[in-house]
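As a plain string of letters, each chain reads:
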Amino acid sequence: MKAIYQEKYGVVGLEDVDEPVAGAGQVRVRVRAASVNARDWHVMRGDPYLGRLLLPAVMGPRGPRRRIRGTDFAGTVESVGAGVDRFQPGDEVFGDLGDAHGAFAEYVCASADEIEFKPGGLSWEQAAAMPLAGGTALLSLRDVGRVRAGRSVLINGASGGVGTFAVQIGRALGGSVTAVCSTRNVELVRSLGADEVVDYRRSDFVRLGRRFDVVVDLVGNRSLSDLRRVTAPGGTLVLSGGGTSRGRAQVFGPMRLIIGGQLVARLSRSGPRIVVPATRPSRELLAGLRELAESGRLTPAIDRTYQLAEVPEAIRYVEEEHARAKVVITV
């Protein structure tokens, strides 16, 4: 089969590899679409260097642990392994491979616990856009932030992959959403349902003089003190920023803010609760996304689509051009 393969950092390409075979508890899926996430360019570059030490399941010293890139996918079940009775050949599914990677390929094998039935009414591309970005947004707002009616939410990085889901999910949960993005993305974010949009090129959200019950940082471009300053007493600060590329691998990258946040969360007895959500493949999260999509409260926003052979170009676009919403691969 064809797959996007990588042996060393910075070099990826389309190659012929062996087709995977479903083992016990697994489902083999014919991939129809996959999507690009910030984690893809981080792993492609081995960026940041600290990740090569702290994320041994994903990054090695000189190259990634898993050779085939990509984590999010949507497709058709071709076969099931022993012990799988929930899915059968022909089912349309979507899922997240997590640290296993391998979605930028014609076929994948995934645990039956890490996939869900594809939301009705969505295209393959829309379904593939949801798992990691949508799951991160749902976990951050519903489970960590406990957003509900009457709670105020600030989303820094509202026009990105996770951000476009977070705006919609925040509204679906009943929250009042203030979204931060650049000038070119104001109308997109407003169309997703944000109650207020802050153009960071014209206004600094830290200087608004307001505090929010839940602050979700998806960029990693502000200091921890700034983010704590805009979080209400007793509120929750969620750190899930993927950082931005500087054209070369950094030592700390977004991990500086995340590690700092984790230390403050452990040592400080005052101020807002600080949480770094660990988004792992989960059928429960996928089912939540499916329910929101089928009810019309969540619609994946897609920036561009690429063919499988164009994945290196797609990853570079996400890394360097500040893509808005999701970038999707048609297989």
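Notes on the structure in this doc start here.

Definitions and limits used
- Residues numbered from 1 in each chain as written.
- Predicted model: local features only at pLDDT ≥ 70, side-chain atom pairs only at ≥ 80, totals over all residues.
- Heavy atoms only, no water.
- Pairing = 2+ DSSP bridges.
- Helix = DSSP H or I, 4+ residues; strand = E, 2+ residues; numbered from the N terminus.
- Axes fitted to C-alpha atoms, helices over the stretch in contact; angles between N-to-C directions.
- Contact = heavy atoms within 4.5 Å.
- Salt bridge = Lys/Arg side-chain N within 4 Å of Asp/Glu carboxyl O.
- Buried < 20%, exposed > 50% of the residue type's maximum accessible area, 1.4 Å probe, protein only.
- Phe/Tyr/Trp six-rings, centres within 6.5 Å; stacked < 30°, edge-to-face > 60°.
- Lys NZ or Arg CZ within 6 Å of the ring centre and 35° of its normal.

Some words on the sheet that holds strand β11 (residues 212–217)
Step number 1: Sheet architecture is open: 6 strands sit in the order β10-β9-β8-β11-β12-β13, paired in parallel fashion. Each end of this open sheet is capped by a strand with a single partner; those strands are β10 (196–199) and β13 (273–275). Across this sheet, the average inter-strand angle for adjacent strands is 15°, counted without regard to direction.
Step number 2: Against the sheet, helix α4 (residues 131–144) engages β8 (152–156), β11, β12 (231–239) and β13, with an angle of about 155° to β12.
Step number 3: Here helix α5 (residues 161–172) sits on the sheet and contacts β8 and β9 (176–181); the angle it forms with β9, its principal contact strand, is near 165°.

A few points about the side chain of S140
Step number 1: Mapped onto the elements, S140 comes out in helix α4.
Step number 2: What S140 contacts, discounting residues up to four positions off in sequence, is G145, V238 and P277.

Details of the pattern of salt bridges
Step number 1: In the structure shown here, the tally under the stated rule is 19 salt bridges.
Step number 2: In this structure, the salt-bridge partner of D16 is K2, at a minimum N-O distance of 3.1 Å. Here D16, found in strand β2 (residues 13–16), pairs with K2, found in strand β1 (residues 2–5); they are 14 residues apart in sequence, far enough to count as distant.
Step number 3: Given the relative accessible area of 58%, D16 is considered exposed.

Concerning unusual backbone geometry
Step number 1: Residues other than glycine seldom take positive phi values, yet H101 does so here, at roughly 55°.
Step number 2: Judged by relative accessible area, which is 7%, H101 ranks as buried.
Step number 3: Phi is positive for R146, which is not a glycine, with a value near 50°.
Step number 4: Considering the arrangement of structural elements, one finds R146 in the loop between α4 and β8.
Step number 5: The class of R146 is partly exposed, set by a relative accessible area of 45%.

Focus: helix α10 (residues 311–320)
Step number 1: Counted residue by residue, α10 has 7 buried out of 10 residues, so it is predominantly covered.
Step number 2: What α10 keeps buried is the set V311, P312, A314, I315, Y317, V318 and E319.
Step number 3: Once α10 finishes, H322 follows within two positions and takes phi at roughly 55°, a positive value.

Here we look at the packing of aromatic side chains
Step number 1: Counting across every chain of the model gives 2 aromatic pairs.
Step number 2: Ring centres of F87 and F117 lie 4.9 Å apart, and the angle between their planes is 50°; on these two criteria the pair is classed as tilted. Here F87, found in the loop between β4 (72–80) and β5 (92–96), pairs with F117, found in strand β7 (residues 115–117); they are 30 residues apart in sequence, far enough to count as distant.
Step number 3: On the basis of relative accessibility, which here comes to 3%, the residue F87 falls in the buried class.
Step number 4: Considering the side-chain rings of Y306 and Y317, the 6.5 Å spacing of their centres and the 50° angle between planes classify their relative orientation as tilted. Linking Y306 in strand β14 (residues 302–307) with Y317 in helix α10, this pair joins segments that are 11 residues apart in sequence. Like Y306, the residue Y317 is buried in the burial classification.
Step number 5: The cationic tip of R28 hangs over the ring face of Y107; the distance from NZ or CZ to the ring centre is 4.3 Å.
Step number 6: Over the ring of Y107 we find R30; its NZ or CZ atom is 5.6 Å from the centre of that ring.

Spatial relationships are all this shows, so hold off on functional conclusions.
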